[in-house]
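If you want the building blocks of each chain, they are given just below.
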Amino acid sequence: MYTDCVSIIVIGAGLIGPRHASHVVNRPNARLYAIVDHSAKGPSVAESFGVPLYKNLTEMFEYCDAYNVKYPDAAIIATPNHTHVPLGLHLASKGVHLLVEKPLSPNASDSKTLIDYCNSVNVKLLVGHHRRFNPYIISTKENLSKLGQVIAVQGTWTLRKPDDYFEEKPWRSSKALGGGALLINLIHDLDNLQYLFGPVQRVYAELLLKQRASQLSEESYHEAVDEGAVLTLRFANGICGTFICSDNVTSPFSFEAGTGENPTVPFNETAAGFYRVFGSHGTLSVPDLQLYHQNQESSRSWLNPVQDEQLKMHHESRREVEEEEDQIMFGMPTPSPSPNMKDGNLLFNKSKNSLEKPKPFDLQLDHFVNLVLGKESVVKCSGEDALRALLCIEAVKQSIETGLPQVVPSIDDIDINHELMI
Ligand SMILES: NC(=O)c1ccc[n+]([C@@H]2O[C@H](COP(=O)([O-])OP(=O)(O)OC[C@H]3O[C@@H](n4cnc5c(N)ncnc54)[C@H](O)[C@@H]3O)[C@@H](O)[C@H]2O)c1
């Protein structure tokens, strides 16, 4: 049905859309078909990639129909949260496969509607929780068995967003349009935690002080978008955790600063332990991958020292195997690993004979293209995965409203929104 090249539109020419577009144009088996955006930024972004611009999907599909042009195979939806579902339904109705930025939408019922609809029309749906593709998270998941029984996890996502982040895009500070740190940011970490430890069953949350709203009346303070929360979590398997999320404190303890994966947020080499995972046999600090342990069963007590060990990154271990194979095959030494652990997050690319950083957005796009081409069938972040993260956020918000712990509902308990169906 498809050639080996996937044509992709990127909808949204704001902060993240152009980043997706640049990954698409750099892929040999993907083609950027067009940019879709109605804002003043649209023309310059489309021009910078040398592709057509459409103001909206209707205009694009009408053009295709009028000139008998093939529709794009796939779309990346990088628009404000409240627009994801209507855009996704429109595209799916035309058979266009979807990579939808997180959160899938601001509400669970609409998200489930899109998931069901995509299933019914055989459209692939991948959601952009790209941290599942980050080598730090992959390495953490691979090393969990070294901890024995995982008992607890502690996490932080704490930094300060600049004021113009909110001033330039009003949706980011609108509850109705899906703004706020919980829906924009905490959802990433809740997806990470569920990816590592399975579904969250119960959550209790307290809202953090809203500093941006300090000039407002009590009513406006309540209406102002959240700046984060502190949570306790209980996973279905009994693991418990705490988490602090704030987009308005001065701190390097966030996924972005700790991993250096986001070009907007400077990498902080010394900030270790934005997650700590505590187990019966050891503790793992993430992203620095320090394992603290007492290996001998007889030595496991406070009476004995705890050893620490620097674990290798997933790609470093793989590269060492490749280097050994090269040496066996050719009797030749290969480039030595980086001395810097953080910069050591490198891939040895045999074809280019050079060291390359693996990029989660590239790995996510690889996976999306493979799904569309039918080369992979298991979706690494499915609509259901994303909906589970969203259900946790809804439980967090309910807990804040009621002051009580909340059970996270199961997907089966969610009704679809029939009004959205086309
Ligand atoms: N994965 C990540 O790390 C990451 C990072 C940032 C943002 N995001 C997500 O990406 C999405 C976009 O965020 P952003 O900060 O780039 O937003 P943004 O406001 O900077 O850009 C959104 C763009 O979409 C356009 N747009 C809005 N509605 C449209 C429509 N119906 N048709 C065509 N264009 C439309 C706007 O004109 C704007 O240019 C959000 O869902 C956000 O949560 C993800």
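Residues numbered from 1 in each chain as written. Predicted model: local features only at pLDDT ≥ 70, side-chain atom pairs only at ≥ 80, totals over all residues. Heavy atoms only, no water.

## Examining the overall build of the protein chain
For step 1, the next point in the chain: What the protein chain contains, in helices and strands, is 13 helices and 17 strands.
For step 2, the next point in the chain: Burial status across the protein chain gives 51% buried among its 422 residues.
For step 3, the next point in the chain: Considering only residue pairs separated by 6 or more positions, the protein chain has 66% of its internal contacts joining residues 24 or more positions apart.
For step 4, the next point in the chain: Summing over all exposed atoms, the protein chain offers an accessible surface of approximately 19,700 Å²; the carbon and sulfur share of this is 53%. (Helix = DSSP H or I, 4+ residues; strand = E, 2+ residues; numbered from the N terminus. Buried < 20%, exposed > 50% of the residue type's maximum accessible area, 1.4 Å probe, protein only. Contact = heavy atoms within 4.5 Å. Areas by Shrake-Rupley, 256 points an atom, 1.4 Å probe, with all protein chains shown as cover.)

## Some remarks on the packing of aromatic side chains
For step 1, the next point in the chain: Within this structure, the stated rule accounts for 8 aromatic pairs.
For step 2, the next point in the chain: Geometrically, the ring pair formed by Phe197 and Phe235 is edge-to-face, given 5.7 Å between the ring centres and 75° between the ring planes. In this pair, Phe197 is assigned in helix H8 (residues 181-197) and Phe235 in strand E9 (residues 228-235), connecting sequence segments 38 residues apart. As far as burial versus exposure is concerned, Phe197 and Phe235 are alike and both buried. (Phe/Tyr/Trp six-rings, centres within 6.5 Å; stacked < 30°, edge-to-face > 60°.)

## Re a nonpolar patch on the surface
For step 1, the next point in the chain: On the surface, Tyr63, Tyr67 and Val69 cluster together into a nonpolar patch covering about 300 Å² of accessible area.
For step 2, the next point in the chain: Secondary-structure assignment places Tyr63 in helix H3 (residues 57-67).
For step 3, the next point in the chain: The class of Tyr63 is partly exposed, set by a relative accessible area of 37%. (Patch = residues over 30% accessible without salt bridge, like charges linked within 9 Å, V, L, I, M, F, W, Y side chains within 5 Å. Salt bridge = Lys/Arg side-chain N within 4 Å of Asp/Glu carboxyl O.)

## Re the site of the ligand
For step 1, the next point in the chain: Near the ligand lie 26 residues; those nearest to it are Asp37, Asn81, Lys169, Trp171 and Arg172.
For step 2, the next point in the chain: Ile16 places a polar main-chain atom, nitrogen or oxygen, 2.9 Å from an oxygen atom of the ligand.
For step 3, the next point in the chain: Here an oxygen atom of the ligand sits 2.8 Å away from a polar atom, N or O, in the side chain of Trp171.
For step 4, the next point in the chain: When the free accessible area of the ligand is taken as 850 Å², the share hidden by the protein chains comes to 89%.
For step 5, the next point in the chain: Looking at the shell around the ligand residue by residue, the class counts come to 10 nonpolar, 11 polar and 5 charged.
For step 6, the next point in the chain: Each of two domains, domain 1 (6-131 + 406-420) and domain 2 (138-358 + 380-405), supplies a minimum of three residues to the shell around the ligand. (Near = heavy atom within 4 Å. Polar contact = N/O pair within 3.5 Å; in protein donor to acceptor, adjacent residues only side chain to side chain. Nonpolar A, V, L, I, M, F, W, Y, C, P; charged D, E, K, R; others polar. Domains from an automatic or database assignment.)

## Let's talk about the pairing of strand E12 (residues 282-286)
For step 1, the next point in the chain: Burial analysis of E12 places 5 of its 5 residues in the buried class, the great majority of the element.
For step 2, the next point in the chain: Side chains Gly282, Leu284 and Val286 project from E12 onto one buried face, and the interleaved Thr283 and Ser285 project onto a second face that is buried too.
For step 3, the next point in the chain: Two elements, strand E11 (residues 275-279) and E12, share 4 bridges in a ladder whose sense is antiparallel. The partner of Tyr275 across the bridge, within E12, is Val286.
For step 4, the next point in the chain: Between E11 and E12, which pair antiparallel in sequence order, lie 2 residues.
For step 5, the next point in the chain: Sheet topology note: the E12/strand E13 (residues 290-293) ladder contains 4 bridges and is antiparallel. Counterpart to Ser285 in the pairing with E13 is Gln290.
For step 6, the next point in the chain: Connecting the antiparallel pair E12 and E13 is a turn made up of 3 residues, with Leu289 showing a positive phi of about 55°. (Pairing = 2+ DSSP bridges.)

## Quick notes on the side chain of Lys210
For step 1, the next point in the chain: Within the fold, Lys210 resides in the loop between strand E8 (200-207) and helix H9 (218-223).
For step 2, the next point in the chain: Comment: no salt bridge for buried Lys210; closest opposite-charge side chain is Asp226, at 7.5 Å.
For step 3, the next point in the chain: Excluding residues within four positions of it along the chain, Lys210 makes contact with Tyr221, His222, Ala224, Val225, Asp226 and Glu227. (Lys, Arg positive; Asp, Glu negative; His and termini not counted.)

## Focus on the sheet that holds strand E5 (residues 97-100)
For step 1, the next point in the chain: With parallel pairing, the 6 strands of this open sheet are ordered in space as E3-E2-E1-E4-E5-E6. The open sheet has two edge strands with one neighbour each: strand E3 (53-54) and strand E6 (125-127).
For step 2, the next point in the chain: One ladder, built from 4 bridges, connects strand E1 (residues 6-11) with strand E4 (residues 74-77); its direction is parallel. From the neighbouring strand, Val10 faces E4, where its bridge partner is Ile76.

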